[in-house]
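Here's the letter readout for the chains.
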Amino acid sequence: MIQADAPTILPLELKDVSLQAGQHRLIKDVSCTLDAKDVTIIIGPNGAGKSLLLRLCHGLLTPSAGAIHWHGANGRDPSLYQAMVFQRPVMLRRSVRANIDFALSLRKVPRRLRHNLIEEALHRAGLNRFAKTPARVLSFGEQQRLALARSWALRPQILFLDEPTASIDPAATHVIEEVIMAMRKEGTKIVMCTHDLGQARRLADEVIFLHRGRILEKSGAAEFFAGPKNDLAQAFLRGELLWWHRRELTPP
Amino acid sequence: MNTKIIRVGFLAVALALSLFAQTARAETPFIIVASTSSTQNSGLFDFLLPKFQRQSGIDVRVLAVGTGQAVRLARNGDADILFVHHKPSEEKFVADGFGVARFDVMYNEFVIVGPARDPAAIAGTVSAAAALNLIAGAEAPFVSRGDDSGTHKREKSLWQQAGIDIAGLTSNWYRETGSGMGATLNIAAAMEAYTLADSGTWLNFHNRQGLKILLRGDPLLFNQYGVILVNKATHPHVKSILGQRFVDWLLSPAGQDAINSFAIGGERAFTANAPADIVLPSKEQSE
Amino acid sequence: MTDFGAAISTAFALVAHLDRDLSEVVLLSLKVSISAVLIASVIGLPIGAALALFRFPGRTIFIVVLNAFMGLPPVVIGLIVYLLLSRAGPFGVFGLLFTPTAMIIAQVLLITPLIAALARQVMETLWLEYEEQLRSLGTTPLRALGALLWDGRFSLMTAVLAGFGRAIAEVGAVMIVGGNIDHVTRVMTTSIALEVSKGNLALALGLGIILVVLSVLVNGMVYFLRGNQRQGGTL
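These lines cover the structure that appears in this document, whether it is placed above or below. (Residues numbered from 1 in each chain as written. Chains lettered and ligands numbered in written order. Predicted model: local features only at pLDDT ≥ 70, side-chain atom pairs only at ≥ 80, totals over all residues.)

1. Let's talk about the overall build of chain A
Counted only if it meets this: Where helices and strands are cited, they refer to DSSP runs of H or I of at least four residues and of E of at least two residues respectively, numbered from the N terminus. Radius of gyration: over C-alpha atoms. The globule rule applied is 2.2 Å multiplied by the number of residues raised to the 0.38 power. Think of it as a crowd count around each C-beta: if 20 or more other C-beta atoms lie within 10 Å the residue is buried, if 12 or fewer it is exposed, and in between it is partly exposed, with C-beta placed from the backbone throughout. Residues are treated as contacting if the C-beta atoms built from their backbones sit within 7 Å of each other.
Helix and strand content of chain A: eight helices and nine strands. Its C-alpha atoms give chain A a radius of gyration of 19 Å, within 12% of the compact-globule value 18 Å for 252 residues. Dimensions of chain A along its principal axes, counting C-alpha atoms only, are 60 × 40 × 35 Å. Every one of the 252 residues in chain A was classed for burial, and the buried ones make up 40%. Long-range contacts, defined here as pairs at least 24 residues apart, represent 70% of the contacts in chain A between residues at least 6 apart.

Following this line, the structure appears as C-alpha cells:
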C-alpha cells in the first residue's frame, strides 16, 4: 500500500456489470478496462450513474450482475491500494494532521513513518499552516484539499474522485486540479467523474461517456472532444441536457 | 491538546476517588431494623437511636415502610429486627419460626381525625364504632390507607365492629389511597375527609390544614408496638448479637425511660410498657 | 395553600447554614447518580453505537425493545433489583441491599436503555455521513465505532446528561432498594418524599428547589467544559 514498488493491482476489468435497485437497473451491462497509464474522466448527464460506477469500481457497492476484477491483485486485497475523494469532504472532528494520521493508522502504516508522510502530504496540498487546526473549521475548498492530501498520504495506486470540485470556486478548483495532476505524475491512476466539461478537457487522457447506466462511448480525450461518434455524446457536448430517447432526436 | 487532556484526566481521577471513597461509617457495626413509617414520622427514632448508638457503638439503620412490607422484609432475612405495631402479624412471625420471641415495647393510640366542621358530627361520641356508623350514615368522605399496614388492619377491624361492610359499599365516600400515613393525611387534609391515624404520625404532622382529632380514647384504639429479633436459625447471616443488644436496651429501664421522655410539642408520644419482669433471651443463652 | 415564598426561604436557609444533613444528602445523591451514569455510559454508548453501525438478525426487535425500556417505571426496576438482592433472592449473599451500591445498580438498569437509545440515534446520523469515506479508507467495525463515539462526543454528552437527569430525579427505585435510611441511603428525592409524608411541604419544596439548582449546575458545568473545547481545542 505504501511501498512505491508494490506490484500494481491494475488493470481493472469490468465485465457485464449491472446494478439493480428494486425494479430499476441503474448500471446496465457495463464492460470496460481501466489501466494505469491514462487519466480517465467519466462524463455524462445527471442520473447517468457516474457516481454509482465509481463506487462499484472502488468496492463500496456490489454489482447485482457481472464481475469486477483487479488483474494485478494476485491474492492481495485491492482496497489497500485505492483511495477515494467524494463530492463532500468527510472530516473527523479532530485536527487536520490527526485526520491524515487516522487514515494512515487504518492502513496500518507504522507510527514512525507517519510523521513524514503527513508532513509531505500537507506540504503538497499547501496546508502546512493548518496542521493543528480543527479540520472542520477549514473552508469547503480547503477541506477538499485536505481530502486529497489524506489520499496522497496513503500513496494509492488508483484514486477515484466523485465530482471533487462541483461546489468549489475556480481558484480552489485550480489548486485541486494541480494536486491531482501531481499525484498522477507520481504514478497514481486517476479515475474521476465530473460535470465540468472544461475540467474534463483539461485533465483527461481518456473519456468515458455514461448515459442512463450504459457506457455509450469510451475513447481518447483528443479524439472524443474533437467529435464523439455517439450522437447522444455529441448532444451532451453541445450542452444539451439529455432527457429524450434516441428516436425522438431531430436531425441537426 | 496536552493541557486539556491533563485537566480532564485530573477531573476524572478526582471524581473517581470521591465516588469510591468510603466513609468511616462503613466500618461501624450496624443492624437493620424493619419498622413502620409511623415510628419514623413521629420522630421517635431520631430521638431514641442516637442514645443507643452512643451507649453501644452500634449503628441502627431503620427501614420505615408499611407494616406488611416490614414483616415481608424480615421474613426474607433482609432485616435483623422487626419493630411494628400489629400483634397478630408479629405472633405469626414468631410462630412461623422467623422470629426468636416477641416483646411489648411501648404503646400509643389511634385517633380519628377529620375536618373541623365535622359534617358527620362525630365529636363527642365515645366509641369508634359509633363514630364510624355516623360517618357511614352521613356518607362523609373517609380516606383509608388501604395498604395492609397495621393502621389499615386496625381500621378494617373497626369497621367490622361497627357492622359496616366496607367491601360492599356502593357509593364512593370511602377512598383507599394505598399509601403511607403521611400521604393519606395529606389527602385527607386536601379532601376535608375523615381518617384513622396513629398518634405518633399525627403529632408530628405539619400539613393539617383544617383537620383535627375528633375522637380518641376508645380502648379499641389502643396501639401496641412490639419488637422481635429475627431468628438466626432461619437466617444464619442475621446479626443476632448486635440485634439482641438493641432489644435488650429497648426493654431496659434506660430504653424505656428514653421512650417515655420523647415528646412532641410537649405531649408524650409513646408510653413505654415493656413488662418489668421479662427474662431477656440474652440472659438465658450464651451467644 | 403552601407558600412558595416559604419554600424558597427554607431552601436558602438550608444552604446558607450549610446544614450538615443537607450536604450529606446532596453528596450522596450526586455520588449515586454520577456513578450510575458513568457506568451506564460505558455500557450504553457502545451498545447504541453498535446498533447504529451493525446489521444483525433481530436488530429491529432489539431496537424496539430498547426504546420501550426507556419508559420502564423506576419503581418496577426497584422491585426487580430488590428481589434479586434480597437475602431470599439469588444475590442476597453479597449483602448489597439497602446500601448505595444497590441504588447505583438500580439506577444503572434504569438509565442504560435511555443512553443506548439516544446514542443509537446520534450514531446513526453520524454513520450516514461518515460511512462511505470510512469504508473507503478501510476501517474495521471496531475502529469505526471508536471514531464515531469520539466524533459524536458533544451530541453523546446530551444523551449522558439525559441519563443523569433521569437518575437524579427518580425516587421509586432508590426508595425500595435503598430504604431511605438516614445517613446511609437517604438522597434528595427520598428526603423530599419523607418530608411530604410528614406534611412538611415547604421544606419538601425547598429541597426540591435545591435539587433543581443542583441539576442546573451539573448541566452548566458540562456545557462549560464543552464550550472550552469548541473554542480552542486541538483535539
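2. Things to note about the overall build of chain C
Check the secondary structure of chain C and you find 10 helices and zero strands. Its helices and strands in sequence order give chain C the pattern α-α-α-α-α-α-α-α-α-α, from N to C terminus. Dimensions along the principal axes, computed over C-alpha positions, put chain C at roughly 65 × 50 × 30 Å. Relative to its full complement of 235 residues, chain C shows a buried share of 46%.

3. Let's talk about the arrangement of the chains
Most contacts, when the two pairs of chains in contact are compared, are made between chains B and C. Structurally, chain A and chain B remain out of contact, their C-alpha atoms never closer than 10 Å.

4. Let's talk about the interface of chain C and chain B
Short version of the rule: Gly falls in the polar group here, along with every residue not listed as nonpolar (Ala, Val, Leu, Ile, Met, Phe, Trp, Tyr, Cys, Pro) or charged (Asp, Glu, Lys, Arg).
Counting from both sides, the interface comprises 24 residues of chain C and, opposite them, 25 residues of chain B. Within the residue set of the side of chain C that touches chain B, elements represented by two or more residues are α2 (20-53), α9 (188-197) and α10 (201-232) of chain C. Here the side of chain C that touches chain B gets three residues from one element, more than from any other, and that element is α2 of chain C. Residue composition of the side of chain C that touches chain B, by class: nine nonpolar, 11 polar and four charged.

5. Thoughts on the sheet that holds strand β4 (residues 65-70) of chain A
All names here are of chain A. This is how the line gets drawn: We treat two strands as partners when DSSP finds at least two bridges between them. Lines are fitted to the C-alpha atoms to define the axes, a helix being fitted only along its stretch in contact, and any angle between axes, read from their N-to-C directions, falls within 0 to 180 degrees.
Taken together, three strands build an open sheet; the order of strands is β2-β1-β4 and the sheet is antiparallel. A single partner strand is all that each edge strand has here, and the edge strands are β2 (24-34) and β4. The mean inter-strand angle of the sheet, taken between neighbouring strand axes irrespective of direction, is 20°. With five bridges connecting them, strand β1 (residues 12-21) and β4 associate as antiparallel partners. When the sheet's bridge partners are listed, Leu12 is paired in β4 with Trp70.

6. Side note on the interface of chain A and chain C
The extent of an interface is frequently quoted as the accessible surface area lost upon association of the parts. Tallying the contact residues gives 18 residues for chain A and 15 residues for chain C. When contributions to the side of chain A that touches chain C are tallied by element, the ones reaching two or more residues are β5 (82-85) and α2 (96-106) of chain A. Of the residues in the side of chain A that touches chain C, the class split is 11 nonpolar, three polar and four charged.

7. Some remarks on the packing of α2 of chain C against helix α7 (residues 153-169) of chain C
All names here are of chain C. Stated formally: Orientation labels follow simple angle bins: below 35 degrees gives roughly parallel, above 145 gives roughly antiparallel, 65 to 115 gives roughly perpendicular, and whatever is left gives oblique. Should the near helix be turned anticlockwise from the far one by less than a right angle, the crossing is left-handed, and should it be turned clockwise, the crossing is right-handed.
One can describe the packing of α2 onto α7 by two numbers: an axis separation of 9 Å at closest approach and a directional angle of 140°. Viewed along their axes, α2 and α7 adopt a mutual orientation that is oblique. At the point where α2 passes α7, the crossing takes the right-handed sense. Between α2 and α7, the contacting residues are Ser29, Ser33, Ala36, Val37, Ala40, Ser41 and Leu45 on the first element and Leu156, Val160, Gly163, Phe164, Ala167 and Ile168 on the second. In terms of residue class, the contact of α2 with α7 is built from nine nonpolar, four polar and no charged.

8. Focus: the packing of helix α3 (residues 59-69) of chain C against helix α5 (residues 100-137) of chain C
Residues and elements named next belong to chain C. One can describe the packing of α3 onto α5 by two numbers: an axis separation of 8 Å at closest approach and a directional angle of 125°. By the angle between their axes, α3 is oblique relative to α5. Considering how the two elements wind past one another, α3 and α5 form a crossing that is left-handed. Between α3 and α5, the contacting residues are Ile63, Leu66, Asn67 and Phe69 on the first element and Pro113, Ala116, Ala117 and Arg120 on the second. Each residue belonging to the contact of α3 with α5 can be placed in one class, and the counts come to six nonpolar, one polar and one charged.

9. Some words on the pairing of strand β9 (residues 214-220) of chain A
Where a strand is regular, its side chains alternate between the two sheet faces. Residues and elements named next belong to chain A. Note that strand β8 (residues 206-211) and β9 share six bridges and pair antiparallel. Residue pairing for β9: Val207 is matched across the bridge by Ser219. In sequence, β8 turns back onto β9 through a hairpin of two residues, with Arg212 there showing a positive phi of about 50°.

10. Overview of the sheet that holds β8 of chain A
Residue and element names in this part refer to chain A. Within the open sheet, the six strands sit side by side as β5-β6-β7-β3-β8-β9. Their pairing is mixed. Each edge of the open sheet is held by one strand with a lone partner, namely β5 and β9. Sheet twist, expressed as the average angle between the axes of neighbouring strands with direction ignored, equals 15°. As paired strands, strand β3 (residues 39-43) and strand β7 (residues 189-193) are joined by four bridges and run parallel to one another. If you follow Ile42 over to β7, its bridge partner there is Cys193.

11. Thoughts on the pairing of strand β3 (residues 81-84) of chain B
Residue and element names in this part refer to chain B. Burial of the side chains of β3 extends over both faces: Ile81 and Phe83 are buried on one face and Leu82 and Val84 on the other. Taken together, the three bridges between strand β1 (residues 30-36) and β3 define a ladder with parallel strand orientation. Residue pairing across strands places Ser35 opposite Phe83, the latter belonging to β3.

12. Regarding the nonpolar core
What counts is decided by this rule: Here a nonpolar core is just a set of buried residues of the types Ala, Val, Leu, Ile, Met, Phe, Trp, Tyr and Cys, joined wherever their C-beta atoms sit within 7 Å.
Judged by nonpolar contacts, the single largest core of 211 residues is most densely connected at Leu63, Ile81 and Leu82 of chain B together with Ala106 and Val177 of chain C. Ranked by the residues each element gives to this core, the list is headed by α5 of chain C, at 21 residues. Beyond its immediate sequence surroundings of up to four residues, Val177 of chain C is in contact with Gly78, Val81, Tyr82, Leu85, Leu97, Ala102, Met103 and Ala106 of chain C.

13. Things to note about unusual backbone geometry
Residue and element names in this part refer to chain A. Residue Leu10 is joined to Pro11 through a cis peptide bond whose omega torsion reads 5°. Among the secondary structure elements, Pro11 is positioned in the segment before β1. Its identity as a non-glycine residue notwithstanding, Asn74 has a phi of 50°, on the positive side. Positioned with a positive phi, Arg212 is a non-glycine residue whose angle comes to about 50°. By secondary structure assignment, the location of Arg212 is in the loop between β8 and β9.

14. Digging into α5 of chain C
Residues and elements named next belong to chain C. How we decide: What a helix is expected to span follows from its residue count: subtract one and scale by 1.5 Å. Bend, in this description, refers to the angle at a residue between axes fitted to the seven residues ending there and the seven starting there.
Compared with an ideal rise of 1.5 Å per residue, which puts 38 residues at 56 Å, α5 spans 47 Å between its outermost C-alpha atoms and falls more than 12% short. Along its length, α5 shows its largest kink, about 55°, at Tyr130. One or two steps after α5, the chain reaches Gly138, where phi turns positive at roughly 95°.

15. A look at helix α3 (residues 111-125) of chain A
All names here are of chain A. Definition in use: By definition, the arc is the one covered by directions from the helix axis to the C-beta atoms.
A rise of 1.5 Å per residue sets the reference length of α3, with its 15 residues, at 21 Å; its end C-alpha atoms lie 22 Å apart and thus fit the reference within 8%. Within the span of α3, buried status applies to Ile118, Ala121, Leu122 and Ala125. Buried residues in α3, looked at end-on, bunch into an arc of 95°, giving them a common side. Seen from the buried face of α3, the exposed residues on the opposite side, beyond 90 degrees, are Arg112, Leu113, His115, Asn116 and His123. Structurally, α3 contributes buried residues whose contacts are with α2, α4 (140-153) and α5 (170-185). One or two residues past the end of α3 sits Gly126, with phi positive at roughly 70°.

16. Examining the environment of Ile111 of chain C
Inspection of the secondary structure puts Ile111 of chain C in helix α5. Separated by 111 residues in sequence, Ile111 of chain C and Val222 of chain C place their C-alpha atoms 18 Å apart.

17. Quick notes on the environment of Pro228 of chain A
Residue and element names in this part refer to chain A. As for its placement among the helices and strands, Pro228 is situated in the loop between α7 (221-226) and α8 (231-237). With 76 residues separating them along the chain, Pro228 and Trp152 place their C-alpha atoms 33 Å apart. Once you skip the residues sitting within four places of it in the chain, Pro228 turns out to touch Phe209, Glu217, Ala233, Gln234 and Leu237.

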